[in-house]
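# Structural overview
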Amino acid sequence: MDNTGSYGDKPRVMSQESQVTSQGSSTIYRNIKTIDGARLGQIHTQRGIINTPAFIPVGTNATVKAMNQDELRELGAEIILANTYHLYLRPGHEVIKKVGGLHRFMNWQGPILTDSGGFQVFSLSPLRKITNEGVEFRSHLDGSTHFLTPEFVMEIQAVLGSDIVMAFDECTPYPATKEYALNSLKLTTDWAKRCKEWIHDARYKMQDKEIFIMNPASCVLHQSLFGIVQGGVYKDLRKQSVEELIEMDFDGYAIGGLSVGEPKELMYEIINYTTPLLPPDKPRYLMGIGDLVDVLTAVSVGIDMFDCVMPTRNARNGTLFTSEGRISIKREEFKADPEPLDPDCECYTCKNYSKAYLRHLFMNKEILSMRLNTLHNLHFYLSFFKKMREAIRDETFDNFKKEQTLILQNNFV
Ligand SMILES: [Zn+2]
């Protein structure tokens, strides 16, 4: 394979020299300030700095739906998420390898986080069989049979070349008996260990200069591996999971298996209990949760990273976030409303278009409706996170949380 990088994009991130001398992950968490549990920080990666608390827009199929990558950059996205499960099934990681890795494939030079595919296997696949070895499942696209193991999932993510990779886990469902949750946790711990061993072996082989460079733009040497805490709604199991993962020393820690149908109070209880158990010098990522009231609660106990389809999916459904609460653009009252969606918003949509026009586009299912709505909602989310970081910096986070929680509860949908 040609490793010289002749696509006319940014220079390759790492030199051959750094490949053979690096000892492992290059992701470093720097804590700038912690006020009443809320952390202001930065995650330094090979491809850029992520200011935390950070929102990660979801680009399931290597695209944040309706946005191009320049728009994402202009909106201030510092990292995006792509789904291993979806990219493995279509177009296939071998295809992405041939075109030079995920960053080149989608022309995004910033950090990319890929999930392990575990959640999608458990939520999307019509048929699956879990063994200690891995998971056999049927594709939700064409019914074809596949077998994912922790090692294979690591290999796919290495080929994609993402900057932050997630260990393969079983997302414990809700409700689950304690016995089920415990067995599920044992599997997740065992798989996390195998992921860790795989990346360790891969780095070792590379340092031995064996032919192990799977991707011209990135490789396992610079990938950060995050472990995922499971344990369902059982605090002792969550604690056990945290302890077992810390023992293995991951580059970051995620809390998984929440927002899977449990009552909100129970979800908060588990977040409040689990987060402070995580190492203070590593990034903490709450997977799949992006309701901003939940975000404020989680940030107040020290979560750093969030991903969620909420701003983008809602945008396509016509639900828009404003500085006064959520609205549905299809409402009759906006039919001849010449005002912008949110006069306090500085996004392209609000600066250029009226509610009447946005409603008209939505009612006619115009492509531009999805684009303008997504631009606005992503701008709202990324600005909200920026304001939240400023509030932590200025030591006004408590007030910010109280004020915003009241506003966010306004639903005019
Ligand atoms: Zn706007």
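For the structure itself, look to the data block above.
Described below are features of the structure shown in this document. (Residues numbered from 1 in each chain as written. Predicted model: local features only at pLDDT ≥ 70, side-chain atom pairs only at ≥ 80, totals over all residues.)

### Regarding the overall build of the protein
When helices and strands are tallied, the protein shows 16 helices and 17 strands. A compact globule built from 413 residues would reach a C-alpha radius of gyration of about 22 Å, and the protein, at 21 Å, matches this within 12%. By principal-axis analysis of the C-alpha atoms, the protein measures approximately 65 × 50 × 45 Å. Of all 413 residues assigned to the protein, the portion counted as buried reaches 50%. (Helix = DSSP H or I, 4+ residues; strand = E, 2+ residues; numbered from the N terminus. Rg over C-alpha atoms; globule rule 2.2 N^0.38 Å. Buried ≥ 20, exposed ≤ 12 C-beta atoms within 10 Å, placed from the backbone.)

### Points about the packing of helix α14 (residues 355–363) against helix α15 (residues 367–393)
Following both chains from N to C, one finds α14 and α15 inclined at 130 degrees, their axes separated by 7 Å at the closest point. Comparing the axis directions of α14 and α15 gives the class oblique. Considering how the two elements wind past one another, α14 and α15 form a crossing that is left-handed. Counted together, Leu-358, Leu-361 and Phe-362 of α14 and Leu-368, Ser-369, Leu-372 and Asn-373 of α15 form the full contact between these two elements. Considering only residue class, the contact of α14 with α15 consists of five nonpolar, two polar and no charged. (Axes fitted to C-alpha atoms, helices over the stretch in contact; angles between N-to-C directions. Parallel < 35°, antiparallel > 145°, perpendicular 65-115°, else oblique. Left-handed = near helix turned anticlockwise from the far one by under 90°. Contact = placed C-beta atoms within 7 Å. Nonpolar A, V, L, I, M, F, W, Y, C, P; charged D, E, K, R; others polar.)

### Observations concerning the sheet that holds strand β17 (residues 411–412)
Hydrogen bonding along the main chain pairs the strands of a sheet, whether they run parallel or antiparallel. Taken in spatial order, the three strands line up as β15-β16-β17 in an open sheet, and their pairing is mixed. The sheet terminates laterally at β15 (319–322) and β17, the two strands that pair on one side only. The sheet contact formed by β15 and strand β16 (residues 325–328) spans four bridges and is antiparallel. For Thr-319, the partnering residue across the bridge sits in β16 and is Ser-328. (Pairing = 2+ DSSP bridges.)

### Focus: the environment of Leu-148
Here Leu-148 lies in strand β9 (residues 145–148). Put simply, Leu-148 and Gly-117 are 31 residues apart on the chain and 8.8 Å apart in space, counted from C-alpha to C-alpha. Beyond its immediate stretch of four places on either side in the chain, Leu-148 contacts Gly-117, Val-121, Gly-134, Val-135 and Val-153.

### A word on unusual backbone geometry
Cis geometry marks the peptide bond from Thr-52 to Pro-53, where omega comes out at 0 degrees. Mapped onto the elements, Pro-53 comes out in the loop between β3 (48–52) and β4 (54–57). Not every positive phi belongs to a glycine, and Glu-395 is a case in point at roughly 60 degrees. Mapped onto the elements, Glu-395 comes out in the loop between α15 and α16 (397–408).

### Observations regarding the environment of Tyr-357
The topology assignment puts Tyr-357 in helix α14. When the 19 C-beta atoms within 10 Å are taken as the criterion, Tyr-357 is described as partly exposed. In the structure, Tyr-357 is positioned 300 residues away from Pro-57 in sequence and 26 Å away in space, judged by C-alpha atoms.

### A look at α14
Of all the positions in α14, only Lys-355, Leu-358, Arg-359, Leu-361 and Phe-362 are classed as buried. One face of α14 carries all of its buried residues, which in axial projection span an arc of 160 degrees. Those residues of α14 that are buried lie in contact with α15. Lys-365, located one to two residues past α14, shows a positive phi value of around 50 degrees. (Arc of directions from axis to C-beta.)

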